[in-house]
Structure formats: C-alpha cells, structure tokens
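# A look at the structure
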Amino acid sequence: MGNRGLPCFCSLLLLLRFAPLSCSQSQQSCDSSDLNALRGVVEGLQSSDLGWSFNGSSSSDCCTWVGISCDLGSALVKRVIGLDLSNKSLKGSVSSSLGDLDQLKQLNLSNNSLNGSIPVELFHLPLLELLDLSMNMLSGLIPAESNLPSIRLFNISANSFRGTHPIFAGSSNLSVYDVSSNSFSGPVDTGICNSSDSIQVLRFSANMLSGEFPVGFGNCSSLSELSLDANGLTGTLPDDLFTLSSLTKLNLQGNSLSGTSLNLGGNNLVGEIPSSFRNFTSLAMLGLYVNNFSNLFSALQILQSLPNLTYVLLDENFRDGELMPSEGIQGFANTEFLSISDCSLSGSIPPWLANLTKLKSLDISSNYLSRRIPSWLGNLDSLFYLDFSSNLLTGEIPTSLTRLRSLMYGNSSQDIVLMFERNSSGKFLQYSSLRPSIILSNNKLVGSILPGFNTLVNLHVLDLSFNDISGTIPDLSGMSNLESLDLSHNHLTGAIPPSLSRLHFLSNFSVAYNNLSGQIPTGGQFDTLNDPSIYMDNYYLCGPPTVNNCSKEEPNPYTDGEGNNERRQLGHTLEQG
C-alpha cells in the first residue's frame with residue numbers, strides 16, 4: 001500500500017531534473033482555450049502596453065500576467081476567472097473571444113478608450129458576476145438575448161449605448177445596475193425589479209428615457225439608490241415608489257414630472273433637500289417625514305418657492321441640534337398644514353409664521369422651543385389645530401388664543417379635514433380626520449386657565465397637562481363640541497365646576513395630580529367619567545369614584561397649589577424625558 005505512490009514520485013524527480021519548467025511554473029499554466037481567448041483580446045486592441053507574451057516558455061504562464069487572476073483548479077492547469085484591465089489606456093474594440101473565457105467571474109475594462117459595439121458572446125458568460133465597461137466610447141445596442149445568470153454588478157455607464165436598456169431576466173443575484181450617461185431611449189422597464197430581489201442600486205441618469213414615470217420600482221424591496229435624473233420622464237410619481245423603506249438616495253431632477261402624488265416619508269433619506277425641488281411648481285402636498293434630512297433653514301428656503309404648496313410635513317428630521325429659523329423665510333403663502341415636530345429644534349416660535357395667513361394646522365411639538373407663545377397666533381383666522389406640546393415654552397397662555405375665529409365661528413365640519421399620516425409600518429400615505437385642537441401639554445406655562453376658552457364652541461381637544469398652571473377651573477360649558485379636556489399635572493385649586501356636566505361629547509377628561517377640592521360633580525357626562533385615575537392625587541376631592549366621603553370633607557390648605565409642586569416637577573421631568 002505504501003509503495004503505490006513511488007512511481008509518481010520518481011517521475012516527478014526526473015521531471016525536476018531534466019525539464020526546464022519549474023514546479024511553480026507548471027502549477028500556474030493556463031488552460032489552452034483561455035490562452036487563445038486572451039490572444040484574441042490583444043488582437044482586438046489597437047495599442048496596449050500590457051506586457052503579455054504569447055511566445056516562448058512563458059506563454060503558458062498567463063496567471064502571472066498583469067490584470068489576470070486564476071482559480072485554484074487542478075495541479076497543472078489553471079482557469080482564468082478574473083480580468084481587470086481598467087485604467088490601462090486601451091484603444092480598439094472588445095473582442096468576441098472574451099466569450100471563450102467560460103469560467104470568467106469578473107471583467108473590468110473601465111476607464112479606457114475602447115470603441116465599437118459589445119460582442120453578443122460577452123452576454124452569455126454563465127459565471128460572470130461583475131461586468132464593468134464604464135467610461136469608454138462603446139456604442140450600439142445591448143443584445144436583447146442577454147443571459148447573465150450570475151451577474152451581481154453591471155456597469156456600462158459613460159458610453160454611447162442606444163436602444164432600450166437591458167433588464168437581465170433571470171439574473172436573480174443582480175445588486176448594482178448602472179446604465180447612466182448613455183443614449184438609451186424609450187420607457188423605463190421596471191421588469192428589472194422582477195429579475196432580482198437583491199437590487200440595491202439602479203442608475204438610469206442622463207439618458208433619453210421618456211414616457212410616464214413607471215409603476216414597479218416598489219418590487220425592488222432592497223433598493224437604496226434610484227437615479228433617474230436628466231431624462232424626459234413625465235407624469236406623477238406612483239404610490240409604490242413610497243414603499244421603499246431602504247431608499248436613501250433618490251435623484252429625479254431634470255425631468256418633466258407633474259402632479260400634486262409627493263410623499264417620501266418613512267424612508268432613510270439623508271442629506272439636504274435638493275434645490276431642484278424648486279421646480280415642483282405644481283406640488284401641493286409634500287411629505288418628507290421620518291427621514292434623516294439636515295439643514296432646516298435651507299429646506300424652508302427651497303420649499304417657500306413652491307406657490308401651490310398646501311401640505312408640508314417635515315417631522316422627525318433635522319435632529320443634529322439645529323435651530324428653528326427665526327428669519328429669512330417669506331413664502332408659504334398658500335400653506336394650510338405645516339408640521340415640523342420631533343426634530344429636536346431649539347430657539348423660539350418663529351415670527352415668519354405670522355405671514356402664513358391661510359394656515360389651518362400647525363404642529364411644532366416635541367422640540368426644545370422656549371420663550372413665550374406669541375400673541376399674533378390669534379390673528380391666524382383659519383387656524384384650528386395647534387400642537388406645541390413637549391417643548392420648553394414659558395409664560396402665560398396668550399388671551400389671543402381664545403379669539404381664534406375658526407374655533408369660534410367656523411364650520412364644525414373642519415374636524416374632517418384630511419391630512420397626511422403614517423400607518424403602523426410608517427411607510428404609506430393615508431388620510432384621517434384632524435380634530436380642532438389646542439395642545440399645549442408638557443411645557444412650563446404658568447398663569448391660569450383662560451375663561452375665554454369658553455367661547456371656542458368648535459374646539460374638540462384642549463390639553464394643558466404637565467404645566468405649572470394655577471388657579472381655579474373656569475366655566476367651560478360653552479365649549480359644546482369638546483371631546484377631550486386634560487388639565488392634569490398642574491397646580492389647580494378649588495372645585496370642579498358642575499357646569500362641565502353639560503359637555504355632552506366629553507369622553508376624555510383628567511384633572512389628576514392637582515390640588516382640587518370639594519365634591520366631584522354628578523349627573524350628565526360625569527356619570528360616564530367614573531375612572532378613579534381621572535381624579536387621582538387630589539387629596540381633598542370627595543365623592544364617587546374616589547373613596548373620600550364628602551360628609552367628612554376637610555378644607556384644602558393648599559389654596560395656591562403648592563402642595564403638588566414637588567410631585568408635579570418630578571412628573572414633568574419624566575414626561576420630558
């Protein structure tokens with residue numbers, strides 16, 4: 001058994017003794033068909049300085065040549081699997097003999113001066129994973145019968161190809177596809193998204209593509225970049241484009257897109273809003289919420305140029321410690337809905353908002369805005385939804401808020417105005433009702449509850465919770481449409497007005513964590529407000545649903561609300577956190 005390898009060993013010794021080819025050289029020999037294919041590559045070039053030699057004993061040693069990589073193959077014969085001739089100043093044509101390199105996995109001929117068409121044989125390499133022909137002078141059509149089942153990266157950008165762009169049906173591993181800066185024409189074929197669910201990059205920029213913006217990119221579920229700029233696309237953006245949750249780069253400038261359909265919310269878009277947005281002159285609704293945009297000042301300067309912009313939703317962006325711009329913004333004359341919430345903005349409520357005379361809804365909640373609430377807000381006659389919650393606002397509530405005309409005399413049908421809103425997955429556009437509201441919770445407001453609120457007959461939600469408001473609860477029974485009243489976590493004293501029982505739509509009510517006293521009203525709407533948590537931590541309140549017996553009522557010594565001060569400060573801190 002042990003002697004069976006001896007003849008081979010002796011033969012090897014003889015070979016080493018008499019043959020001029022070393023063992024290492026023989027192990028790096030090329031397959032003869034690969035060698036012939038490489039000879040064809042050189043013959044197709046007008047000039048090259050590759051240093052390849054097809055004469056003499058070194059002719060079979062192609063695995064050591066510049067730009068060539070081989071597999072591990074058999075002990076004596078290697079197969080060419082990689083050819084990288086990028087940046088070699090090559091001139092001439094691409095040889096059809098490349099199709100004979102049937103084990104080729106990577107082919108990079110980028111950044112040369114190659115011209116002519118691409119031979120069809122190049123598009124039938126079964127193992128080819130990378131094909132980079134970018135930055136040459138190649139032209140002609142891409143063969144319709146292309147079959148590259150293993151392709152992962154396909155880049156033919158910066159050439160002069162024409163006709164329809166390829167889609168590579170059956171190429172299930174395709175990840176990067178770049179046909180930019182060519183002369184492809186006709187419609188964009190989103191069938192490429194049906195070929196592979198691994199596509200991350202699609203670049204069609206700077207071609208002559210035309211027709212309406214296609215439906216189908218939503219099937220590229222892993223897409224992170226889509227570039228279609230500098231073409232002739234028309235129409236509106238389809239809904240499925242807005243379902244691409246991994247999209248971080250979208251280039252659409254230099255087309256003829258129209259419509260009022262643009263919601264890019266719930267993606268991972270980064271950087272600044274491009275200046276090309278100024279061209280969307282017909283745009284009415286814009287949703288950019290839940291991304292990673294930066295430079296709010298630049299964004300507002302760009303968007304203020306859009307004369308028809310009605311809805312602007314920029315929530316959950318600009319989170320790198322930016323300031324709310326206080327000046328330099330003059331547009332948005334037709335804007336009705338503006339939302340810049342949860343952006344970690346500091347500063348104050350900006351005065352340029354006073355010029356948005358058509359504003360109906362303003363949400364700047366969950367920021368770090370400080371100083372007083374400006375009195376000019378009461379001059380915005382159309383304003384019916386105001387959310388300033390979770391900021392650092394101080395001072396008293398301006399009496400002008402009790403004179404908002406849309407909440408005094410407006411049509412109560414305003415509570416069905418439609419707006420953008422994320423669904424549970426945060427990806428899609430849906431519409432829902434927006435109830436007339438004043439939400440000032442979780443700030444540092446002081447003073448009393450304004451009796452003038454009683455005139456806001458169309459207000460549905462009033463939330464003053466988690467502030468430092470003191471005094472008594474005034475008569476609010478005139479707010480006949482009120483559904484939600486939250487006065488919890490303040491310094492309120494005195495009794496709960498029995499007149500509140502006449503608020504027949506009141507379904508959400510809380511006065512918890514105050515210093516109220518006296519009997520909880522009964523009858524009317526209070527018969528349904530029987531959850532003890534509504535009244536908790538008001539030690540001197542009595543009657544159902546509390547356990548305190550009103551016959552043993554004691555006077556409330558904390559007439560100024562100081563008894564809950566320490567507890568409320570703790571609750572305010574926790575809520576801010």
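Just so it is clear, the model here is predicted, and its values are computed rather than measured.

This brings us to the overall build of the chain. When helices and strands are counted, the chain shows seven helices and 39 strands. The buried share of the chain, taken over its 577 residues, is 51%. Accessible surface, the chain as shown: approximately 25,300 Å² in total, 49% of it carbon and sulfur.

All told, the structure shown has nine salt bridges when counted by the stated rule. Taking the shortest distance from any N to any O, the salt bridge between Glu-225 and Arg-203 comes out at 2.8 Å. Residue Glu-225 is found in strand S15 (residues 225-227), and its partner Arg-203 is found in strand S13 (residues 201-203); the two are separated by 22 residues along the sequence. Between Glu-336 and Lys-360 there is a salt bridge whose closest N-O contact spans 3.6 Å.

This paragraph deals with helix H3 (residues 32-43). In an α-helix, one turn spans 3.6 residues, which is why side chains three or four residues apart end up on the same side. Compared with an ideal rise of 1.5 Å per residue, which puts 12 residues at 16 Å, H3 spans 17 Å between its outermost C-alpha atoms and is within 8% of the ideal. Restricting attention to buried positions, one finds in H3 the residues Asp-34, Leu-35, Ala-37, Leu-38, Gly-40 and Val-41.

Moving on to the pairing of strand S10 (residues 160-163). It is a general feature of regular strands that their side chains alternate between the two faces of the sheet. By the bridge criterion, three bridges tie strand S8 (residues 137-141) to S10 in an arrangement that is parallel. Within S10, the position partnered with Ser-139 by the bridge is Ser-160. Inspection of the sheet shows S10 paired to strand S12 (residues 183-186) by two bridges, in the parallel sense. Bridge pairing links Arg-162 to Ser-183 in S12.

This brings us to the state of the cysteines. Evaluated as defined, the whole model comprises three disulfides. Disulfide partner of Cys-63: Cys-70, at an S-S distance of 2.1 Å. Disulfide Cys-63 to Cys-70: torsion about the S-S bond roughly -100°, handedness left-handed. Side by side, Cys-63 and Cys-70 carry an identical accessibility label, which is buried.

Turning our eyes to something else, we now look at helix H5 (residues 296-303). Across the eight residues of H5, six count as buried, placing the element largely inside the fold. Taken as a whole, H5 has its buried residues at Leu-296, Ser-298, Ala-299, Leu-300, Ile-302 and Leu-303. Among the structural elements, strand S19 (270-272), strand S20 (285-287), strand S21 (292-294) and strand S22 (311-313) are those in contact with the buried residues of H5.

Two strands pair when backbone bridges link them, and strand S24 (residues 346-347) and strand S26 (residues 368-372) are joined in this way by two bridges, in the parallel orientation. Counterpart to Ser-346 in the pairing with S26 is Tyr-368. For S26 and strand S28 (residues 392-396), the ladder comprises three bridges, and the chain directions are parallel. Paired with Arg-372 across the strands is Thr-394, a residue of S28.

Reading across from one edge, S20-S22-S23-S25-S27-S31-S33-S35-S37 is the order of the nine strands in this open sheet, with parallel pairing throughout. Looking at the sheet topology across the chains shown, the edges are occupied by S20 and strand S37 (508-510). Ignoring strand direction, the axes of neighbouring strands in this sheet form an average angle of 10°. For strand S27 (residues 385-387) and strand S31 (residues 437-439), the ladder comprises three bridges, and the chain directions are parallel. Within S31, the residue paired with Asp-387 across the bridge is Ile-439.

One can find Asp-71 in the loop between strand S2 (68-70) and strand S3 (80-84). In this structure the C-alpha to C-alpha distance between Asp-71 and Gln-103, which are 32 residues apart in sequence, comes to 8.9 Å. Ignoring any residue separated from it by four or fewer positions in sequence, one finds Asp-71 in contact with Lys-78, Arg-79 and Ile-81.

Once that is clear, we can look at the environment of Phe-526. Relative to the helices and strands, Phe-526 resides in the loop between strand S38 (515-519) and strand S39 (540-542). The class for Phe-526 is buried, based on a relative accessible area of 6%. Beyond its immediate chain neighbours, meaning those up to four positions away, Phe-526 contacts Ile-496, Leu-500, Ser-501, Phe-509, Ile-520, Pro-521 and Tyr-535.

Right, let's get into the packing of aromatic side chains. Considering all chains together, one arrives at 13 aromatic pairs under this definition. Ring centres of Phe-161 and Phe-184 lie 6.5 Å apart, and the angle between their planes is 15°; on these two criteria the pair is classed as stacked. Placement of the pair is Phe-161 in strand S10 and Phe-184 in strand S12, with a sequence separation of 23 residues. Phe-161 sits in the buried class, given a relative accessible area of 0%.

Calculation criteria
- Residues numbered from 1 in each chain as written.
- Predicted model: local features only at pLDDT ≥ 70, side-chain atom pairs only at ≥ 80, totals over all residues.
- Heavy atoms only, no water.
- Helix = DSSP H or I, 4+ residues; strand = E, 2+ residues; numbered from the N terminus.
- Buried < 20%, exposed > 50% of the residue type's maximum accessible area, 1.4 Å probe, protein only.
- Areas by Shrake-Rupley, 256 points an atom, 1.4 Å probe, with all protein chains shown as cover.
- Salt bridge = Lys/Arg side-chain N within 4 Å of Asp/Glu carboxyl O.
- Expected span 1.5 Å × (residues − 1).
- Pairing = 2+ DSSP bridges.
- Disulfide = S-S within 2.5 Å.
- Contact = heavy atoms within 4.5 Å.
- Axes fitted to C-alpha atoms, helices over the stretch in contact; angles between N-to-C directions.
- Phe/Tyr/Trp six-rings, centres within 6.5 Å; stacked < 30°, edge-to-face > 60°.

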